[in-house]
Amino acid sequence: MVTKIIKIDPDNPDKEALKEACEILKSGGLVAFPTETVYGLGGDAKNRYASEKIYAAKGRPSDNPLIVHIHDFSELEEIAANVPDSARKLADRFWPGPLTMILPKNNVIPLETTGGLDTVAVRMPSHPVARALLTLSNVMVAAPSANTSGRPSPTLAEHVEEDLSGKIDCIIDGGPVNIGLESTIVDLSSPVPTILRPGYINKAMLEEVLGEVNIDPGILDSNANKNIRPKAPGMRYRHYAPKGDLTVVEGDESVVIKKINDLVEKDKKDGKKTGVIATVETKDMYHCDNVLVAGDRNDEYTIAHNLYDVLRKFDELGTEKMYSESFETPKIGMAIMNRLLKAAGHRVIHAEDNKSVLRLQDFRRVIFAAGNGICRAPMAAGILIKLLPENSPVEVLSRGLVVPFPEPLNQKSEAVMASNGISFEGFESRELLNEEITDKTIVITMDEKQRKFILDKYPSANENNTRVLAQMAGEELETMDPYGGSLAKYGLCFEAMKTSLQKVLSSGEE
Ligand code: TXA
Ligand code: MG
């Protein structure tokens, strides 16, 4: 098949030139077209054969549903089983625009288009070329991103050509897209609206319209390796994967640069071709084969805009080892990091000074967790409460890992604490609960075994928010267990923990 390329001026789409593309859509063919997010590969959403062709051209698993693109709100009413108030409000505020809503479907859209699901994903794009195509053809267009399955989504017509030339009828070249990352997907078929894929329209923007909005736990990086499946089928695959190995390096800028340069040096010795995803601010600081600039930290949207192009360039260059800075920017950072971490297969390194760079003072809640929660955990909690300033906003808790029933403090712990001016009147041990590990919580254990236990058992725990006390303090030996020993041994344990906590607090001071 010869793929026809039609060039269209995005600022002033020529209707005549779009006619042929409209005819292709009406007769069940495939047309790639620009949207404000990424290029889409479109076919008639009501025609199951067109949907089957889309899956075939992309090499996409047929259980991964397509998004239906519309140009008028009445089309949503035509294909959804019902249109809740929340959908009307979101459409008023964000359509046309980069937001996809999931709603229960009726029978107008075939199951082939929705990957067998009884819900349908719908979006009204704002890009002038996409709007012109939808309006002129009057076809509802099922369109996934116009890339080969597993490659970064296309942000230029050239990317579509690379992947799909010869496999589809037509590509409309409207130049570069605007945003560069796929639309935000919000599921309105669940009781609380839930973000299934982060995008330009972020949680705060949705909450302004809807009130409470959840994020699908399956897309949170902290749950990446915990078998919590994302609800959007497409988010389960390792997408956007570059051919080489990509690793994201997190941390303060100067330590990140140093860490990446160290890693690059080692890779170079191994004879590997190396690359770094950097920013305008840092591009001259790396010593690798190719530095590609994602964007400017002072304008976070530039990073979203260029990310996929940069990933594709590394493929062209044949880069084998790639490192990226981390881009937790305020507005679109969640979407950028979601795509970047997927591209990296969730390989993340935390660049730290030799010292612990954790500042306990930055957490809202510190939970000491150990054993049955009546001995070392409450002692450590008591010590930290004393070390922190009186008006400190940090909440300090102690918990056990196995607490079949609540118990009072261990008597020797109580005695040692009393002699240090700490009392926990009416104390009863409690087992650590997953809900207690909220945002801005750090869980501190006495040894690595306890830490592993927590990482395995608690979905909210992750490598970052669950640490061993001695490690945080930069000490080699783990905190001793005084259980069953003399009062003096409890005293020693108390002093050791106090020293460790003092070190942790002072290492976090500026
Ligand atoms: O910005 C975009 O949304 C682009 C442009 C072309 O509009 N399209 C796009 O489509 O990104 P695609 O197919 O690459 O991604 C669609 C995502 C997939 O993760 C899919 O699993 C999810 O939407 N999805 C579609 N229908 C769904 C449904 N009924 N329930 C849950 N997830 C759904
Ligand atoms: Mg896609």
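A closer look at the overall build of the protein
In terms of regular secondary structure, the protein is built from 15 helices and 20 strands. Considering only contacts in the protein between residues 6 or more positions apart, those separated by 24 or more positions represent 70%. Accessible area for the protein stands at about 22,400 Å²; split by element, carbon and sulfur atoms hold 49% of it. Put simply, the protein has 60 plus and 75 minus side-chain charges, and the middle of one group is 3 Å from the middle of the other.

Looking at unusual backbone geometry
Pro96 follows Trp95 through a cis peptide bond whose omega is -10 degrees. Tracing the chain through its elements places Pro96 in the loop between helix H4 (85–94) and strand S5 (99–104). With phi around 60 degrees, His346 is a residue other than glycine that occupies positive phi space. Counting through the fold element by element, His346 comes out in the loop between helix H10 (333–343) and strand S16 (348–350). Under the relative-accessibility criterion, His346 is labelled partly exposed at 28%. Its identity as a non-glycine residue notwithstanding, Lys440 has a phi of 65 degrees, on the positive side. Positionally, Lys440 belongs in the loop between helix H12 (411–419) and strand S19 (441–445). A residue is classified by how much of its surface remains accessible, and Lys440, at 40% relative accessible area, is partly exposed.

Quick notes on the site of ligand 1
Surrounding ligand 1, one finds 27 residues, the nearest of these being Thr37, Asn64, His69, Ser183 and Gly234. At a separation of 2.8 Å, an oxygen atom of ligand 1 approaches a polar side-chain atom of Arg60. Burial of ligand 1 by the protein chains amounts to 97% of its free accessible area of 680 Å². Contributing elements (two or more residues each) for the shell around ligand 1: strand S4 (67–69), strand S6 (119–123) and strand S10 (194–197). It is S6 that contributes the most residues to the shell around ligand 1, three residues altogether. For the shell around ligand 1, the residue count by class is 15 nonpolar, eight polar and four charged.

Comments concerning the side chain of Ser326
With respect to the secondary-structure elements, Ser326 resides in the loop between strand S15 (321–325) and H10. In contact with Ser326, other than residues within four places in its own chain, are Val248, Val249, Glu250, Arg297 and Met337.

Structural notes on the pairing of S19
Within S19, five of the five residues are buried, which leaves it mostly tucked inside the rest of the structure. Side chains Thr441, Val443 and Thr445 of S19 all project onto a buried face; the interleaved residues Ile442 and Ile444 project onto the opposite face, where all are buried too. Bridging between strand S17 (residues 365–369) and S19 involves four bridges; their strand directions are parallel. Residue pairing across strands places Phe368 opposite Ile444, the latter belonging to S19.

What about the environment of Arg451?
For Arg451, the position within the fold is in helix H13 (residues 448–457). For the pair formed by Arg451 and Val468, sequence separation is 17 residues and the distance between their alpha carbons is 6.7 Å. Contact partners of Arg451, with chain neighbours within four places excluded, come to Thr445, Glu463, Thr466, Arg467 and Val468.

A look at helix H2 (residues 48–58)
Buried within H2 are the following residues: Ala50, Ser51, Ile54, Tyr55, Ala57 and Lys58. Viewed end-on, H2 has its buried residues packed into an arc of 165 degrees, placing them on one side of the element. Turned more than 90 degrees away from the buried face of H2 sit Tyr49 and Ala56, all of them exposed. Near the N-terminus of H2, the side chain that reaches the backbone nitrogen of Tyr49, with its oxygen 2.8 Å away, is that of Asn47. Downstream of H2 by one or two residues, Gly59 has phi in the positive range, about 70 degrees.

Describing the sheet that holds strand S12 (residues 245–250)
One open sheet holds the five strands; their spatial order is S14-S13-S15-S12-S16, and the pairing between them is parallel. Since the sheet does not close on itself, it has two edges, and those belong to strand S14 (290–295) and S16, each with one partner. Averaged over all adjacent pairs, the angle separating strand axes in this sheet is 25 degrees, with direction ignored. Contacts from helix H8 (residues 253–269) reach S12, strand S13 (274–279), S15 and S16, with the element oriented near 180 degrees to S15. Packing against the sheet, H10 makes contact with S12, S13, S15 and S16, and its axis sits at approximately 135 degrees to S12.

Looking at the pattern of salt bridges
The final tally for this structure, using the stated rule, is 34 salt bridges. For Glu112, the salt bridge identified is with Arg48, shortest N-O distance 3.8 Å. Remark: Arg48 occurs in helix H2 and Glu112 occurs in the loop between S5 and S6; sequence separation between them is 64 residues. Glu431 is the salt-bridge partner of Lys457, the closest N and O atoms lying 3.8 Å from each other. Taken together, the residues Lys457 in helix H13 and Glu431 in the loop between H12 and S19 connect sequence positions 26 residues apart. For Lys457, a relative accessible area of 41% translates into the label partly exposed. One salt-bridge network, held together by shared partners, links Arg151, Glu162, Asp163, Arg312 and Asp315.

About the criteria used
Residues numbered from 1 in each chain as written. Chains lettered and ligands numbered in written order. Predicted model: local features only at pLDDT ≥ 70, side-chain atom pairs only at ≥ 80, totals over all residues. Heavy atoms only, no water. Helix = DSSP H or I, 4+ residues; strand = E, 2+ residues; numbered from the N terminus. Contact = heavy atoms within 4.5 Å. Areas by Shrake-Rupley, 256 points an atom, 1.4 Å probe, with all protein chains shown as cover. Lys, Arg positive; Asp, Glu negative; His and termini not counted. Charge placed at Lys NZ, Arg CZ, Asp CG, Glu CD. Buried < 20%, exposed > 50% of the residue type's maximum accessible area, 1.4 Å probe, protein only. Near = heavy atom within 4 Å. Polar contact = N/O pair within 3.5 Å; in protein donor to acceptor, adjacent residues only side chain to side chain. Nonpolar A, V, L, I, M, F, W, Y, C, P; charged D, E, K, R; others polar. Pairing = 2+ DSSP bridges. Arc of directions from axis to C-beta. Axes fitted to C-alpha atoms, helices over the stretch in contact; angles between N-to-C directions. Salt bridge = Lys/Arg side-chain N within 4 Å of Asp/Glu carboxyl O.

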